[in-house]
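# Fold and contact review
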Amino acid sequence: MVAPVLRKTGSHFFTRRSGRVFASAGAAFQIRLVIARMMDAVRARLRNLPFFAGLGAETLDAIADASTWQSLAGGWEVFSQGAPSDALHINLTGRLIVVRESPEGADDEVVGYIRAGEPVGEMSILSGEPHSASVYALRDTELLSIPRDSVDHLIREHGDFAAALARIVLTRARRPQTSFQQSAPRIFAVIATSPSIDVDARVKELAHRVAAYKVNATWLGCNSEPPETSEFDLTENAHDVVLLAARVDQSPWYRFVLRHADRFLVLARRDSRPSKPFPLTSDAGARARKFRLVDLVLLHEGAHSGRTAEWMEAVGAVRVVNIRDSACVDRLARIISGKSVGLVLSGGGARAYAHIGAVKAMREAGVPIDFICGASMGAVVAACVAMGWSQEDMETRIRDAFVASNPLGDHVLPVVALTRGGRVEERLKRNFDDTLIENLSVPFFCVSSDIVNGAVRVHNRGRLRTALRASIALPGILPPVIDDHALLVDGAVVNNFPTDIMTTLHRGLTIGVDVAREGVIDIEAFRDPPGFFSWIASNGFSDAPPIVSLLMRSATARREHLEMPRPADIMITPPVPGVELRDWKRYEIAVTDGYRAAKAAIDEHWASLAPIISAAGR
């Protein structure tokens, strides 16, 4: 529930909740007493916030005297894009989201999040320009607001305040990508969609498993009474993670949970269907609803209805976590605690066999794989892992599909490509059938490139083999994939190593294996090349001519010297000596090299990996 908050409006006072105005002298006297006590509480709280660290007592008193303290329910707007700036706001508790409106028809851009203790609106108040973005309360939030005139006075009269404000401005100006970094969610709503789901038992178990990762966690059951805001603040401040168990109903507790959660975990049985519309937001703040972060946790109980996508659509899920066994529950615990491991596999033709060796090394060391993605051939190996296949099964299938015979051997006189693509499609069908991405054992996505608009396409739902076919459609070698008005080709064309996408998907450790950095093409093959018929006479039709390597490298070549916007935390770059992009027969060399490179990287980064491995294998 939102605490009643008093704000000054001239000689009167009003509460945000009731809106009642008090004008009598007696009422005003009582209100002034309440205001004085609140301002004492403000002073005490300010001393514990990062923005105010180092400020003198006189400056803190001046800030408290000049400020108003207000509460916003989850979903309420703090200010809107384009509005004039009239105050500097300090987030005392809760979480704010900064959103920049896009042109009509495009999605709004999430600029970032404001954590407790951080200011917002400082750029506009200093420049005198309208707000460049809108700010909303993602959950019940308390703000300290300092009017423009008071900010100007504080800057003139209190140098320590001016210095603190300048540090914030400089930090955000110098590091725009990280200054509004996504704050770690702390309040997780775990919502049962069926009476048959014992949500309290599941949340209790989750809290226990989260604690194994050295995260201070607690939980509140679904029959709890909504606490006062101040009481709940104490619970939040005392823990890293708070889990709120709830059922979908109209109870005061459920409404409290909807207003206070940073992230929602919707527990659904795979044999059920969602209600529509799904009641996952409170009545207030419709504009901010779409920015609520939701995970669908699909419990594998009962017969599969095949309605996963329907559930995703109903609850607005950005991720799906399938719960099949105890290991899956551990994965969910790592996701909540910020200890998940994401694996990114680059494209690279036959050199991507090295990914198989890297996965083997990770499995032997006990490194969990909680999210996995890839581009081009890296996407194929990633899909094998996401299917839940054993190492032996994965290697057998890859050997059969790519080593036993050339997957690009169905050559044609080129019109749109050098091959028909029939062999590739048959092998994808044989191994992945009609599996849907949202039903995979490990959360997965792959990327392709839309060459109509030059944008990356992220495939995180739908038929797996269709997504893989688009991701490996090397221009000029395989025919492109037409999807409505999009023309999709190999993911390597736009983003061959999507660590930037993976790092926005989870808050844990990202491991990247890149096999396309160098040594991928033999220069000598292009020095005085033979004619077409001379090549066929010497090599036959089973081997791909050098033009295939040229086209593949043209698609995967990147400007490696440029700094990646969001690099992997652990980089593995197997040299794969002597293996070109089209050397489909050199399986053992690539796998062995990938295994060695991954083992060396695991040893080097053991300090970071050991706590996760230890907790995961307990």
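Nothing here was measured: the structure is a model prediction, and the numbers come from that model. (Residues numbered from 1 in each chain as written. Predicted model: local features only at pLDDT ≥ 70, side-chain atom pairs only at ≥ 80, totals over all residues. Heavy atoms only, no water.)

## With respect to the packing of aromatic side chains
- What the rule picks out here adds up to seven aromatic pairs.
- Taking 5.4 Å as the distance between ring centres and 20° as the angle between the ring planes, the aromatic pair formed by Trp 253 and Phe 256 counts as stacked. One end of the pair, Trp 253, and the other, Phe 256, are both in helix 8 (residues 252-260), three residues apart, so they sit about a helical turn from each other.
- Taking the relative accessible area as the measure of exposure, Trp 253 reaches 4% and is therefore buried.
- According to the relative accessible area criterion, Phe 256 is buried, its value standing at 0%.
- Across the ring face of Tyr 113, the terminal group of Arg 95 is positioned such that the distance to the ring centre comes to 4.3 Å. (Phe/Tyr/Trp six-rings, centres within 6.5 Å; stacked < 30°, edge-to-face > 60°. Helix = DSSP H or I, 4+ residues; strand = E, 2+ residues; numbered from the N terminus. Buried < 20%, exposed > 50% of the residue type's maximum accessible area, 1.4 Å probe, protein only. Lys NZ or Arg CZ within 6 Å of the ring centre and 35° of its normal.)

## A word on the pairing of strand 19 (residues 371-375)
- Burial analysis of strand 19 places five of its five residues in the buried class, the great majority of the element.
- A two-sided burial pattern is seen for strand 19, the buried positions comprising Phe 371, Cys 373 and Ala 375 on one face and Ile 372 and Gly 374 on the other.
- When strand 18 (residues 341-345) meets strand 19, the two strands line up parallel, connected through four bridges. Within strand 19, the position partnered with Leu 345 by the bridge is Gly 374.
- Of the pairings in the sheet, the one linking strand 19 to strand 20 (residues 444-450) comprises four bridges and is parallel in character. From the neighbouring strand, Ile 372 faces strand 20, where its bridge partner is Phe 444. (Pairing = 2+ DSSP bridges.)

## Topic: the UniProt feature "active site" (unreviewed entry) in the protein
- UniProt tags Ser 376 and Asp 490 as "active site" (unreviewed entry). A maximum C-alpha distance of 5.8 Å places the annotated residues, which cover 115 residues in sequence, within one compact spot.
- Along the chain, Ser 376 falls in the loop between strand 19 and helix 12 (377-386).
- For Ser 376, a relative accessible area of 5% corresponds to the buried category.
- Setting aside its immediate chain neighbours within four residues, Ser 376 contacts Gly 347, Ser 471, Ile 472 and Asp 490.
- Within the secondary structure layout, Asp 490 lies in strand 23 (residues 486-490). (UniProt positions renumbered as here; feature names shortened; annotations may be inferred. Contact = heavy atoms within 4.5 Å.)

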